[in-house]
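Close look at the chain arrangement
The lines below spell out each chain.
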Amino acid sequence: MSSKLMLDLVDAVSSAPVGTVVAFPVDTAAEVDIVRRWCDATGNSVLSVLDTAIEVFRGRITDPIEALPVERRPGYRLWVYTNFHCNLSCDYCCVESSPKADPRVIPLGEFRDLVGEAVDSGVQELYITGGEPFMLLDLDERLVAATAFLPTTVLTNAMVWRGDRLRRLEALPRQGLTLQISLDSPTSELHDRHRGAGSFARAIEGVHTAIDLGFRVRVAATLGTDAGNAEAELQQFFDELGLQEDQRVVRRVARQGSANAGLTVSRTSLIPEVCVTAEGVYWHPVAAIDPDMLVTKHWRPFAAALSAMRDEYRQYRIAGDVLASAFPCA
Ligand code: SF4
């Protein structure tokens, strides 16, 4: 070990204030290794390794992922867009789904592979969405395959359960499966304004069908910028339906896809939730057609895609913390 290197390192880092970054020159992988081991032993942190230098953070950086509650950590939950076509064309659909949308279906075999690799990578929950997943006539096979390994939630507008689709619904497993049904308001006015005339009545019918068939149901509302005090009325309506706290979701619309107003989201503003579509891996399901949110075009191997997403999240958070400590506002 080079004593000159060690002396220079100690001198450079110990003279820097805690919470700041020192770019220390290194020439070889062996020198990088020395700096890493010194940082581990002395309570400092390697921020990044550049071509001719290593950035050392003065002090210990805790892993931003470890700091999250377990169920919020990237990779706990996997979202899959099985398809993008839908019987509706809601005016704030975050992925521009409609009856005319290119279906972009993930083939059944690939879906099975994805679930298998996700399980191997530690995924604990699966969420299936679209488009309207029940447009797929093989959705029942997918749900049977998925629930054998993971608690699975399928998002639906609950409007296509007729004829053969109703029979396939009836035959689905109840164990490990939740049907998350979109319902934006307790009366038709607001829901139909965004989702189309008659959609509220069909969705309510679907909620009762699912409950009567013994499925675990969650009802999810998306509130547009015109929602007013709809949330209070919704909560009362959820009470009347007998829904528990974990069976209700109320969220604001995001400015994505067809929505021309709503919350602005980005990679740096959202904790990632791995989302796989036929076109690649996205940072979050609310932005699954946004090119700025594409992490990689290939989900295989799943572990590598997940790792890339986690590393990027760490870098954003660490950079944010470093900046915050470099520019204290008070
Ligand atoms: S918001 Fe849901 S129901 Fe409406 S078009 Fe999009 S996928 Fe279909």
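As the structure is a prediction and not an experimental result, all values here were calculated from the model. (Residues numbered from 1 in each chain as written. Predicted model: local features only at pLDDT ≥ 70, side-chain atom pairs only at ≥ 80, totals over all residues. Heavy atoms only, no water.)

Points about the overall build of the protein chain
In terms of regular secondary structure, the protein chain is built from 9 helices and 12 strands. If you line up the protein chain on its principal axes, its C-alpha atoms span 80 × 45 × 35 Å. In the protein chain, buried positions account for 48% of the 330 residues. Long-range contacts, defined as pairs at least 24 residues apart, comprise 67% of the intrachain contacts of the protein chain with a sequence gap of at least 6. Of note, the protein chain has its 32 positive side-chain charges centred 2 Å away from the centre of its 44 negative side-chain charges. (Helix = DSSP H or I, 4+ residues; strand = E, 2+ residues; numbered from the N terminus. Buried < 20%, exposed > 50% of the residue type's maximum accessible area, 1.4 Å probe, protein only. Contact = heavy atoms within 4.5 Å. Lys, Arg positive; Asp, Glu negative; His and termini not counted. Charge placed at Lys NZ, Arg CZ, Asp CG, Glu CD.)

As for the packing of helix H6 (residues 188–195) against helix H7 (residues 199–212)
Contact geometry of H6 with H7 gives a least axis separation of 8 Å together with a crossing angle of 110°. By the angle between their directions, the pair H6 and H7 is classed as roughly perpendicular. Here H6 contributes Ser188, His191, Asp192 and Arg195 to the contact with H7, which in turn contributes Ser199, Phe200 and Ala203. Counted by class, the contact of H6 with H7 contains 2 nonpolar, 3 polar and 2 charged residues. (Axes fitted to C-alpha atoms, helices over the stretch in contact; angles between N-to-C directions. Parallel < 35°, antiparallel > 145°, perpendicular 65-115°, else oblique. Nonpolar A, V, L, I, M, F, W, Y, C, P; charged D, E, K, R; others polar.)

What to know about H7
One turn of an α-helix holds 3.6 residues; hence residues three or four places apart share an orientation. In a regular helix each residue adds 1.5 Å, so 14 residues correspond to 20 Å; H7 covers 20 Å between its end C-alpha atoms and thus fits that length. Here H7 has its buried residues at Ser199, Phe200, Ala203, Ile204, Gly206, Val207 and Ala210. Down the axis of H7, the smallest arc covering the buried residues is 155°, so these residues share one side. Contact partners of the buried residues in H7: strand S7 (177–182), H6, strand S8 (216–223) and helix H8 (230–241). Downstream of H7 by one or two residues, Gly214 has phi in the positive range, about 90°. (Expected span 1.5 Å × (residues − 1). Arc of directions from axis to C-beta.)

Examining the site of the ligand
In the vicinity of the ligand, the contacting residues are Cys86, Leu88, Ser89, Cys90, Cys93, Ser97, Gly130, Gly131, Asn157 and Arg195. Across the shell around the ligand, the residue classes tally to 4 nonpolar, 5 polar and 1 charged. (Near = heavy atom within 4 Å.)

Details of the domain arrangement of the protein chain
Looking at the assigned domains, one finds that the protein chain contains domain 1 (2–61) and domain 2 (70–299). Measuring from the centre of the C-alpha atoms in domain 1 to the corresponding centre in domain 2 gives 46 Å. (Domains from an automatic or database assignment.)

Concerning the packing of aromatic side chains
Following the criterion strictly, the structure yields 4 aromatic pairs and no others. Ring centres of Tyr81 and Phe84 lie 5.1 Å apart, and the angle between their planes is 15°; on these two criteria the pair is classed as stacked. Here Tyr81 matches Phe84 in class, with each residue buried. Judged by centre distance (5.4 Å) and plane angle (85°), the rings of Phe134 and Trp161 are edge-to-face. With Phe134 in the loop between strand S5 (125–129) and helix H4 (139–147) and Trp161 in the loop between strand S6 (152–156) and helix H5 (163–170), the pair connects residues that are 27 residues apart, well separated along the chain. The exposure class of Trp161 is buried, given its relative accessible area of 5%. The aromatic ring of Phe84 is capped on one face by Arg104, whose charged end is 3.9 Å from the ring centroid. We note Arg174 situated over the ring of Phe215; from NZ or CZ to the ring centre the distance is 4.1 Å. (Phe/Tyr/Trp six-rings, centres within 6.5 Å; stacked < 30°, edge-to-face > 60°. Lys NZ or Arg CZ within 6 Å of the ring centre and 35° of its normal.)

What about the sheet that holds strand S9 (residues 248–252)?
Sheets are built from strands that pair by backbone hydrogen bonding, the pairs being arranged parallel or antiparallel. Strand order in this open sheet of 9 strands is S9-S8-S7-S6-S5-S4-S10-S11-S12, and the pairing throughout is mixed. The sheet is open, and its two borders are formed by S9 and strand S12 (294–296), each paired with just one other strand. Taking the axes of each pair of neighbouring strands and ignoring which way they run, one obtains an average angle of 25° across the sheet. Both strand S11 (residues 280–282) and S12 contribute to a ladder of 2 bridges, which runs antiparallel. Counted as the bridge partner of Tyr282 is Leu294 from S12. Packed on one face of the sheet, helix H3 (residues 108–120) meets strand S4 (77–81), S5 and strand S10 (275–277) and runs near 170° to S4. Against the sheet, H8 makes contact with S8 and S9, and its axis sits at roughly 170° relative to S9, the strand it touches most. (Pairing = 2+ DSSP bridges.)

A word on the packing of helix H1 (residues 3–14) against helix H2 (residues 29–42)
At a minimum axis distance of 11 Å, the contact between H1 and H2 shows a crossing angle of 50°. One finds that H1 runs oblique with respect to H2. Along this stretch, H1 crosses H2, giving a crossing that reads as right-handed. Here Leu5, Met6, Leu9, Val10 and Val13 of H1 come into contact with H2, specifically with Glu31, Ile34, Val35 and Trp38. A breakdown of the residues in the contact of H1 with H2 according to their chemical character gives 8 nonpolar, no polar and 1 charged. (Left-handed = near helix turned anticlockwise from the far one by under 90°.)

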